[in-house]
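Descriptive structure summary
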Amino acid sequence: IRMLKPDFDIDKIPDNDPETFAMLAEGKTQGVFQLESAGITGVCVNMKPTSIEDMTAIVALYRPGPMDSIPKYVENSRDRSRIRYATPLLAPILDVTNGCIVYQEQVMQIFQVVAGYSLGRADIVRRAISKKKLSVLESERASFLAGAKERGIDETSAADLFEEIVGFANYAFNKSHAAAYGVLSYRTAYLKAHYPREYNSALLTSVLGSADKMAEYIAECTRVGIRILPPHVNESDRDFHVDGKNIRFGLLALKNLGRPF
């Protein structure tokens, strides 16, 4: 890209680019970090992300446990009047994720706000979730229900909320981790949307050791109208590179050619 735009800076791209989100909503996720599998591509199509916050949630939700909340997340994102809370105390915590528990940090906040835990004790619960120590989480049930009762939450609602947390705990991201992934997913999607030749050239070069992945990405180039020109002793570089409106085959991709030791 810098051969075309020497001053290009990935840190300065807009974080709300409509073309990028439109591409993801159409399921064109091949070669996009974390979003290539058929399952998570389907989530992008259904969710139609419009922000990096959505990208972060997609990455975090597509895991055993949290993924059970995907239909609810999508429905609530389309019609926020469907969001229901056991107590209004949950609204400031879960509004950002359309009423769903998505991140470990949200569990910490729920234990703090709903059951009166200190942040230190709430972090013990978070660590138990991160290490899948459900016995530690279960040992907090009575304290959680008692704390919720003190704050005027009926026992049934508090018990249902606790069960939701237990189900969520099978595999839950912390938001700091998911956000880093979400930003990287967005950036790779942006590059694919705006610099498809440059991006696919780099993508192909990155999978030189995998014939299957190269075939996938070459097929993707063909699908979007980018020709892969054959190797040429005078025109080819070591790696795949942009050649006019097409991509020129890199010499390193040829059988029996390789990098010197």
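Residues numbered from 1 in each chain as written. Predicted model: local features only at pLDDT ≥ 70, side-chain atom pairs only at ≥ 80, totals over all residues. Heavy atoms only, no water.

For the rest of this paragraph, the subject is the sheet that holds strand 3 (residues 246–248). Overall, mixed pairing links the 3 strands, which are arranged 1-3-2 in an open sheet. Two strands close off the open sheet at either side, each with one partner strand: strand 1 (228–229) and strand 2 (241–243). Where strand 2 lies against strand 3, 3 bridges are found, and the strand directions are antiparallel. Its bridge partner lying in strand 3, Asp243 is registered against Asn246. (Pairing = 2+ DSSP bridges. Helix = DSSP H or I, 4+ residues; strand = E, 2+ residues; numbered from the N terminus.)

Attention shifts here to the packing of helix 9 (residues 141–150) against helix 10 (residues 155–168). Following both chains from N to C, one finds helix 9 and helix 10 inclined at 140 degrees, their axes separated by 9 Å at the closest point. It follows that helix 9 is oblique to helix 10 by the angle criterion. Our pair here, helix 9 against helix 10, has a crossing hand that is right-handed. Within the contact between the two elements, helix 9 uses Arg141, Phe144, Leu145 and Ala148 and helix 10 uses Glu155, Ala158, Ala159, Leu161, Phe162, Glu163 and Ile165. Residues that form the contact of helix 9 with helix 10 fall into these classes: 8 nonpolar, no polar and 3 charged. (Axes fitted to C-alpha atoms, helices over the stretch in contact; angles between N-to-C directions. Parallel < 35°, antiparallel > 145°, perpendicular 65-115°, else oblique. Left-handed = near helix turned anticlockwise from the far one by under 90°. Contact = heavy atoms within 4.5 Å. Nonpolar A, V, L, I, M, F, W, Y, C, P; charged D, E, K, R; others polar.)

Another aspect to go through is the pattern of salt bridges. Between side chains of opposite charge, a pair can form as their charged atoms come close. What the rule picks out here adds up to 17 salt bridges. Here Arg127 ties to Asp123 by a salt bridge, and the two come within 3.4 Å at their closest N and O atoms. Here Arg127 and its partner Asp123 are both found in helix 7 (residues 119–130), 4 residues apart, which amounts to about one turn of the helix. For Lys192, the salt bridge identified is with Glu220, shortest N-O distance 2.9 Å. Placement of the pair is Lys192 in helix 11 (residues 175–194) and Glu220 in helix 13 (residues 211–223), with a sequence separation of 28 residues. Exposure remark for Lys192: the relative accessible area of 7% places this residue in the buried category. When salt bridges with common partners are traced through the structure, they connect Glu36, Lys213 and Glu216 into a single cluster. (Salt bridge = Lys/Arg side-chain N within 4 Å of Asp/Glu carboxyl O. Buried < 20%, exposed > 50% of the residue type's maximum accessible area, 1.4 Å probe, protein only.)

Take the layout of surface pockets next. If you add up the space inside the largest pocket, you get close to 230 Å³. If you trace the largest pocket, you find 13 residues lining it, with Met23, Lys192, Ala193, Pro196 and Val224 closest to the centre. Empty space within the second largest pocket amounts to approximately 190 Å³. Around the second largest pocket sit Ile1, Met3, Leu4, Glu198, Asp237, His241 and Val242, which together line it. Looking at the lining of the second largest pocket residue by residue, the classes come out as 4 nonpolar, 1 polar and 2 charged. (1 Å grid on protein atoms, 1.4 Å probe; cavity = no way out; pocket = protein on both sides within 12 Å on 5 of 7 lines; lining within 4 Å. Points joined across faces, edges and corners; volume = space filled by probe spheres on them.)

Our next topic: the nonpolar core. Counting residues in each nonpolar core, the largest one holds 41 residues, and the members touching the most others are Leu24, Leu35, Met47, Ile58, Leu61, Tyr73 and Val102. Beyond its immediate chain neighbours, meaning those up to four positions away, Leu35 contacts Leu24, Thr29, Ile40, Thr41, Cys44, Met55, Ile58 and Ser185. Counting 27 residues, the second-largest nonpolar core is a separate cluster that includes Met108, Phe111, Tyr117 and Val166. (Core = buried A, V, L, I, M, F, W, Y, C linked by side-chain atoms within 4.5 Å.)

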